[in-house]
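Each chain, written out:
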Amino acid sequence: MSHYKRSTCRACRGARLEAFLSLGQQPLANSFLSTPSEFAGEKRYPLDVYRCESCSLIQLLDVITQDELFRDYIYVTGTSETIARHNEQYAKTVTSEMQLGQGSLVIEVASNDGSLLQCFAKRGVKTLGIEPARNIARTARERGIPTVEEFFNYDLAREIRSEKGPARVVIANNVLAHVDEPIDFLTGCAELIEESGRVITEVPYLGDLLDALEYDTIYHEHLCYFSVMSLMELYERAGLMIVRIQRVPVHGGSLRILARLRTKEMSGHAPEVVELADEERRRNYDKPDPYRDFAVAVAQHREKLVALLEELVGQGKALSGYGAPAKGNTLLNYCGIDRELLKYVVDRNPLKIGRYTPGTHVPVKPVSELENDPPDYLLVLAWNFADEIMQQQIEYARRGGRFIIPVPEPRVI
Ligand SMILES: [Zn+2]
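Residues numbered from 1 in each chain as written. Predicted model: local features only at pLDDT ≥ 70, side-chain atom pairs only at ≥ 80, totals over all residues. Heavy atoms only, no water.

**Digging into the coordination of the zinc ion**
In this structure, Cys9 (SG), Cys12 (SG), Cys52 (SG) and Cys55 (SG) serve as the protein donors to the zinc ion, at separations of 2.3 Å. For the zinc ion, the 4 donor atoms are set out with angles of 103 to 115° between them, so the coordination reads as tetrahedral. Along the chain, the residues donating to the zinc ion are arranged with the sequence spacing C-x2-C-x39-C-x2-C. Within this pair, whereas cysteine 9 is found in the loop between β1 (3–5) and β2 (17–26), its partner cysteine 55 is found in the loop between β3 (45–52) and β4 (58–60), the two being separated by 46 residues in sequence. (Donors = N, O, S within 2.8 Å, 3.2 Å for Na, K, Ca; no water. Tetrahedral: all angles 85-135°; square planar, octahedral: opposite > 155°, others 65-115°. Helix = DSSP H or I, 4+ residues; strand = E, 2+ residues; numbered from the N terminus.)

What follows is the structure, encoded as structure tokens:
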């Protein structure tokens, strides 16, 4: 069985969990289909979001086994220019702050195609990637980044440490929200670092999800939606103390969390971190209200977006989508936007081109399709790259093409 429903909170193990938002029965957001013959047999799972009434962690309880989700994964980091620039800057900052040199080891969990570790390797730092997606781990190794093809957990961390010794830095970006047992995961990260080492993670921030109505970032891979309050709780349980939290503008707004081992001398989170959690309490993140309000706003958003698209199609306009990201599939499925409204979507990822979007079965074409069969309106599903996309599509805009940015409010540009 590839799906099960858990009954307890991932952070505090409490059993009082309230569902506040249902996005319906949805296929897996990254399960693109190869041929129309697969449409009928597509599997769907509940996409319901819960709040723990004890510790307020926002989470999904429907869990798809990791083998199903990540062994043949088609998200490749290297395909976006915005991410490439982000990686380069990231490696530069960490190398200087942590004084990394020839002997230092940097380990990245969920290292994808090795794009980030390459930025460290070229600075002379030793690197090790951990990436369970076999096809993507192979790409990383071909680029010269040693990569372990396993799912990360505490047991694997112990093995790696006994083989490679401790790391100066462990990086785990956009993976903590994916794991069913985040405490075990963080305990593994703590196991890997040397005494003065750092664990650096990035997670999409719940505050941005709520403020910018980014409900499309909810899909089965993202099991948790973290507040600072809930992160403090998880890190403590893993023997880690948070020394710094920064807001970073990737993936619609994320938190970058720097943590170190808890020692007798340094046993508490940094005061600025405690202050961020206090601010969240002032915004009632520990109460049910903001989540109930969010659910109401999500339902209203669907009505507005569908009305706009139906009106345009009714006027005889041709609509396509830009980007076939996982979040686009949550949006399309929840709003019921299928081939009746969108002729096709374009994407730069060669692993997606020629396939069909899960659930809504819109064909994925190469970006060049925008010249061959230009639409009047382009729904920007990869809205976090909207600026980059609009710059690249300056020619489309010059010929009169318009863009629709779907969230937080549907906007025509
Ligand atoms: Zn809880």
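Here the narrative resumes, following the displayed structure.
**Re the sheet that holds strand β14 (residues 319–322)**
Pairing in this open sheet of 6 strands is mixed, and the strands run β16-β15-β14-β17-β18-β19 from one edge to the other. Two strands bound the open sheet, and with one partner strand each, they are β16 (364–365) and β19 (411–412). Two elements, β14 and strand β15 (residues 345–346), share 2 bridges in a ladder whose sense is parallel. Each residue of the ladder has a partner; that of glycine 321, found in β15, is valine 345. (Pairing = 2+ DSSP bridges.)

**Notes on the pairing of strand β17 (residues 377–380)**
Side-chain alternation along β17 places Tyr377 and Leu379 on one buried face and Leu378 and Val380 on a second face that is also buried. Both β14 and β17 contribute to a ladder of 4 bridges, which runs parallel. Counted as the bridge partner of serine 320 is leucine 378 from β17. Where β17 and strand β18 (residues 402–405) come together, 3 bridges link them in parallel fashion. By the bridge assignment, leucine 378 is partnered in β18 with phenylalanine 403. (Buried < 20%, exposed > 50% of the residue type's maximum accessible area, 1.4 Å probe, protein only.)

**Comments concerning the sheet that holds β2**
Pairing within the open sheet is antiparallel, and its 4 strands lie in the order β2-β3-β4-β11. Taken across any chain shown, the strands that pair with only one partner, and hence form the sheet edges, are β2 and β11 (224–225). The strands touched by helix α10 (residues 289–314) within the sheet are β2, β3 and β4, with β2 carrying the most contacts at an inclination of about 20°. Running at roughly 85° to β2, helix α11 (residues 326–335) makes contact with β2 and β3 of the sheet. (Contact = heavy atoms within 4.5 Å. Axes fitted to C-alpha atoms, helices over the stretch in contact; angles between N-to-C directions.)

**A short note on the pairing of β14**
The alternating pattern of β14 places Leu319 and Gly321 on one face and Ser320 and Tyr322 on the opposite face, and all of these are buried. For the handedness criterion, the β-α-β arrangement of β14, α11 and β15 is classed as right-handed. (Right-handed = clockwise from strand over helix to strand, strands pointing away.)

**Topic: a negative patch on the surface**
Where like charges cluster on the molecular surface, the negative patch consists of Glu150, Asp155, Glu159, Glu163 and Asp184. At 3 residues, helix α5 (residues 154–164) tops the list of elements feeding residues into the negative patch. Looking at the element boundaries, aspartate 155 is found in helix α5. (Patch = residues over 30% accessible without salt bridge, like charges linked within 9 Å, V, L, I, M, F, W, Y side chains within 5 Å. Areas by Shrake-Rupley, 256 points an atom, 1.4 Å probe, with all protein chains shown as cover. Salt bridge = Lys/Arg side-chain N within 4 Å of Asp/Glu carboxyl O. Lys, Arg positive; Asp, Glu negative; His and termini not counted. Charge placed at Lys NZ, Arg CZ, Asp CG, Glu CD.)

**A closer look at the packing of aromatic side chains**
In the structure shown here, the tally under the stated rule is 5 aromatic pairs. Judged by centre distance (5.1 Å) and plane angle (75°), the ring pair of phenylalanine 152 and phenylalanine 185 falls under edge-to-face. Of this pair, phenylalanine 152 sits in the loop between β8 (147–148) and α5 while phenylalanine 185 sits in helix α6 (residues 182–192), and the two are 33 residues apart along the sequence. Its relative accessible area of 9% is what places phenylalanine 152 among the buried residues. We note arginine 302 situated over the ring of tyrosine 334; from NZ or CZ to the ring centre the distance is 4.0 Å. Across the ring face of tryptophan 383, the terminal group of lysine 327 is positioned such that the distance to the ring centre comes to 5.1 Å. (Phe/Tyr/Trp six-rings, centres within 6.5 Å; stacked < 30°, edge-to-face > 60°. Lys NZ or Arg CZ within 6 Å of the ring centre and 35° of its normal.)

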